[in-house]
Each structure stands twice: as C-alpha cells, then as structure tokens.
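Tertiary structure, described
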Amino acid sequence: MRIDILTIFPDMFPCVLNTSILKRAQDKGLVEIHVWNLRDWTTDKHQTTDDTPYGGGGGMIMKPEPIFAAVETLLGEEKVPVILLTPQGRVFNQEMAQALAQQERLLFICGRYEGVDERVREHLVTEEISIGDYVLSGGELAAMVVVDAVVRLLPGALGYERAAAEDSHATGLLEGPHYTRPPVFRGWEVPEVLRSGHHARVAQWRRLQSLKRTLERRPDLLARAPLTQEEKQWLREQGYEGPYYDENENADLRTDN
Ligand code: 9D3
C-alpha cells in the first residue's frame with residue numbers, strides 16, 4: 001500500500017509514523033507513507049494556503065489551488081481515494097478501516113482553519129472522514145489515527161500471533177479483563193479459572209466477561225454483535241431486551257453493504 005498525506009504541518013507526523021507498528025510495517029515494505037507540505041504547491045512569496053471566507057463570518061478557509069495542484073501532481077491520472085479529514089465527515093469505525101485497508105493507495109488531506117473551499121470537496125475529494133464528535137485543531141491527528149487503524153490491518157503488520165480479526169471491535173464486543181503475573185498482587189488475586197489451564201473453561205469465562213462488560217459499558221454494541229441463542233438468553237435474564245444483530249433482518253444496520 002502507498003499512503004500520501006497533505007498537510008501544512010508535516011512536522012507533526014514523523015514521531016508517530018516512526019514508532020512501533022507503523023514503523024515496522026514500513027520497514028517490512030508493507031506500506032510506503034509520504035508526508036507532503038502543502039506549502040510546496042503555493043506560488044506566492046508568502047506561501048499562502050488560506051484566505052478569508054466569501055460572505056464574511058470570520059475564520060479562514062483553505063484555498064483550492066495548492067490542494068488541487070498537489071493532488072494532481074501526486075496522483076496524475078491514477079484513480080485513488082482522496083480522503084478529507086473534516087468534522088463533517090462520516091464517523092470513522094473499524095469497518096471503514098477494513099475497507100480502506102483493501103486499497104492499493106490512499107491520499108489524505110488534512111483540513112485546518114475553519115475548513116476547505118467547497119470546490120475541493122465537490123471536485124477532488126472522494127470521501128470525508130471525522131474521527132468523532134469533539135473538536136480538534138485540524139485534520140493531522142485524525143489522519144494519524146486513520147493511518148494507524150488501517151496499517152495495522154495489513155497482512156504481516158502485527159508482530160504477535162493474534163489476528164486483527166479477533167480484535168475487540170471486530171468481534172463486536174468489548175474485551176473482558178486481562179491479567180499477568182504476579183498471581184497475587186497486594187492481596188488481589190488473578191481469577192482461578194485463568195490459572196487452571198483449562199482452555200475451554202477459560203474461553204467460556206472470557207466470552208461471559210466480554211458480554212458483561214459490553215452490556216455494562218456499551219450496550220449499543222450488542223445490537224451489532226453476532227451472538228448465540230444462549231448468549232441472547234443470558235442477556236435477557238440480565239434485563240437486556242434487544243435489539244439484536246441478525247444477518248438477514250438487520251442488513252440495514254450494517255455499513256458494509
Ligand atoms: C466553528 C465550527 N467548528 C466545527 C465544529 C469549526 C472547526 C473546528 C475544528 C473546523 C475545523 C476544525 C478542525 N478539525 C478537523 O479538521 C477535524 C476533526 C475534528 O475536529 N474532530 C473530529 N474529527 C476531525 S477530522 C478533522
């Protein structure tokens with residue numbers, strides 16, 4: 001995969017991109033990430049990337065010319081998803097990360113100021129993404145979040161055995177508690193079942209813990225999680241009345257269709 005990132009703050013990126021999984025994925029040749037300074041495509045002495053909004057109202061807007069010039073130089077005729085990070089975008093989730101991870105190439109435009117000229121959205125951008133309902137200072141941190149979530153899904157990116165498909169948000173439930181040594185810390189014991197070596201009992205205990213934690217903290221996730229009849233019965237006993245995920249009935253709830 002190749003990822004290009006357009007920003008007026010390229011210095012924000014190297015530390016994140018050169019650490020841990022993102023670094024290893026690049027070293028292994030799984031992804032090539034290029035960060036570009038949008039100012040390199042300005043033509044005026046002051047390298048201006050923003051201007052005042054038509055109609056007034058204050059704040060500044062990113063000018064279209066440098067953005068178009070940069071994207072056209074980087075992509076040529078190639079058809080590549082051009083993703084604008086913006087508070088008005090579709091809220092990013094794991095399914096979107098999985099879809100982006102299937103692409104050969106991605107280009108991210110990091111918004112700054114009050115936003116970008118609408119002609120960029122209309123004639124250049126193919127997707128708009130937000131990372132959640134809170135206000136950031138710009139699209140850079142959001143781009144790093146999306147890149148991290150996507151790159152770790154590339155085959156070979158994770159150093160450990162556990163498949164990305166088993167991750168909490170891919171099973172649709174939150175994970176339960178984890179423990180490591182020592183078996184007793186300040187008098188607090190690791191649950192006996194985890195030390196029993198009984199793999200089937202461990203798996204059953206973990207699934208129940210996941211279910212409990214999801215019911216308590218994120219009951220909204222239960223509507224989209226594949227659950228057994230037994231698990232639905234248990235949830236019902238806890239007072240959860242649904243809704244439940246159904247492959248056929250709830251196709252409209254999914255974002256992968
Ligand atoms: C005055 C209205 N503001 C919208 C809530 C203006 C505004 C605030 C912050 C416009 C842009 C920004 C900068 N944020 C991003 O560029 C951004 C963002 C975010 O703020 N939250 C979540 N995801 C994203 S992706 C890009």
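The structure displayed is predicted, hence computed values, not measured ones.

Across its full length, the protein holds ten helices and ten strands. Expected size for 257 residues packed as a compact globule is a radius of gyration near 18 Å; at 23 Å, the protein overshoots this value by more than 25%. With the principal axes as the frame, the protein shows a C-alpha extent of 70 × 40 × 40 Å. Taking all 257 residues of the protein together, the buried fraction comes to 42%. Taking as baseline every contact in the protein between residues at least 6 positions apart, the subset at least 24 positions apart corresponds to 70%. Carbon and sulfur atoms make up 50% of the accessible area of the protein, which amounts to about 15500 Å² in all.

Once that is clear, we can look at the site of the ligand. In the vicinity of the ligand there are 17 residues, among which Ile131, Gly132, Tyr134, Leu136 and Gly138 approach most closely. Interatomic distance of 2.8 Å between a backbone N/O atom of tyrosine 134 and a nitrogen atom of the ligand. The contact in question runs from an oxygen atom of the ligand to an N or O atom on the backbone of leucine 136, over 2.8 Å. Contributing elements (two or more residues each) for the shell around the ligand: strand 5 (82-91) and strand 8 (127-130). Classifying every residue of the shell around the ligand by side-chain character gives nine nonpolar, seven polar and one charged.

With that settled, the discussion passes to the nonpolar core. Counting 34 residues, the largest nonpolar core has Ile3, Phe92, Phe108, Val146 and Val147 as the members making the most contacts within it. Elements that contribute at least two residues to this core include exactly strand 1 (2-7), helix 2 (20-27), strand 5, helix 4 (94-101), strand 6 (105-110) and helix 6 (140-151). A total of eight residues in this core trace back to one element, the largest contributor, which is helix 6. Once you skip the residues sitting within four places of it in the chain, valine 146 turns out to touch Leu85, Phe92, Leu100, Phe108, Ile129 and Ile131. The next biggest cluster of nonpolar side chains, apart from the first, holds 20 residues, and it includes Leu6, Ile8, Val116 and Val120.

Let us look at the pattern of salt bridges. Scanning the entire structure with this criterion turns up 15 salt bridges. With its nearest N and O atoms 2.8 Å apart, the salt bridge here joins glutamate 140 to arginine 112. Of the two residues, glutamate 140 sits in helix 6 while arginine 112 sits in the loop between strand 6 and strand 7 (115-116), which places them 28 residues apart along the sequence. The buried category is assigned to glutamate 140, whose relative accessible area is 0%. Arginine 207 is paired through a salt bridge with glutamate 231; the nearest N and O atoms lie 2.5 Å apart. With arginine 207 in helix 9 (residues 199-217) and glutamate 231 in helix 10 (residues 229-237), the pair connects residues that are 24 residues apart, well separated along the chain. Through salt bridges with shared partners, one network takes in Arg2, Asp4, Glu78 and Arg105.

Okay, the packing of aromatic side chains next. For any pair of aromatic rings, geometry is given as the distance between the ring centres together with the angle between the planes. Per the counting criterion, the structure on display carries three aromatic pairs. With centroids separated by 6.0 Å and ring planes inclined at 70°, the aromatic side chains of tryptophan 36 and tryptophan 41 adopt a geometry described as edge-to-face. Residue class for tryptophan 36 comes out partly exposed when judged on its relative accessible area of 27%. A relative accessible area of 18% places tryptophan 41 in the buried class.

Right, let's talk about the packing of helix 9 against helix 10 for a bit. Put simply, helix 9 and helix 10 touch, their axes get as near as 11 Å, and they point 45° apart. With respect to helix 10, the element helix 9 is oriented oblique. When you trace helix 9 past helix 10, the crossing you get is right-handed. Residues Arg207, Leu208, Leu211, Lys212 and Leu215 of helix 9 pack against Glu231, Trp234 and Leu235 of helix 10. Looking at side-chain class alone, the contact of helix 9 with helix 10 contains five nonpolar, no polar and three charged residues.

Turning next to the domain arrangement of the protein. Splitting the protein by domain gives domain 1 (2-166) and domain 2 (184-254). Here domain 1 and domain 2 have C-alpha centroids that lie 36 Å from each other.

Apart from glycine, the bulk of residues carry a negative phi angle, and the bulk of peptide bonds sit in the trans form. Following arginine 181, the chain continues into proline 182 via a peptide bond in cis, with omega recorded as 5°. Topologically, proline 182 is positioned in the loop between helix 7 (168-171) and strand 9 (184-185). A cis amide bond links glycine 242 to the next residue, proline 243, at an omega of 10°. On the secondary structure map, proline 243 appears in the segment after helix 10. The phi dihedral of tyrosine 113 is positive, around 55°, even though this residue is not glycine. Considering the arrangement of structural elements, one finds tyrosine 113 in the loop between strand 6 and strand 7. A positive phi angle, near 50°, is found at arginine 186, a position not held by glycine.

Conventions and cut-offs
Residues numbered from 1 in each chain as written. Predicted model: local features only at pLDDT ≥ 70, side-chain atom pairs only at ≥ 80, totals over all residues. Heavy atoms only, no water. Helix = DSSP H or I, 4+ residues; strand = E, 2+ residues; numbered from the N terminus. Rg over C-alpha atoms; globule rule 2.2 N^0.38 Å. Buried < 20%, exposed > 50% of the residue type's maximum accessible area, 1.4 Å probe, protein only. Contact = heavy atoms within 4.5 Å. Areas by Shrake-Rupley, 256 points an atom, 1.4 Å probe, with all protein chains shown as cover. Near = heavy atom within 4 Å. Polar contact = N/O pair within 3.5 Å; in protein donor to acceptor, adjacent residues only side chain to side chain. Nonpolar A, V, L, I, M, F, W, Y, C, P; charged D, E, K, R; others polar. Core = buried A, V, L, I, M, F, W, Y, C linked by side-chain atoms within 4.5 Å. Salt bridge = Lys/Arg side-chain N within 4 Å of Asp/Glu carboxyl O. Phe/Tyr/Trp six-rings, centres within 6.5 Å; stacked < 30°, edge-to-face > 60°. Axes fitted to C-alpha atoms, helices over the stretch in contact; angles between N-to-C directions. Parallel < 35°, antiparallel > 145°, perpendicular 65-115°, else oblique. Left-handed = near helix turned anticlockwise from the far one by under 90°. Domains from an automatic or database assignment.

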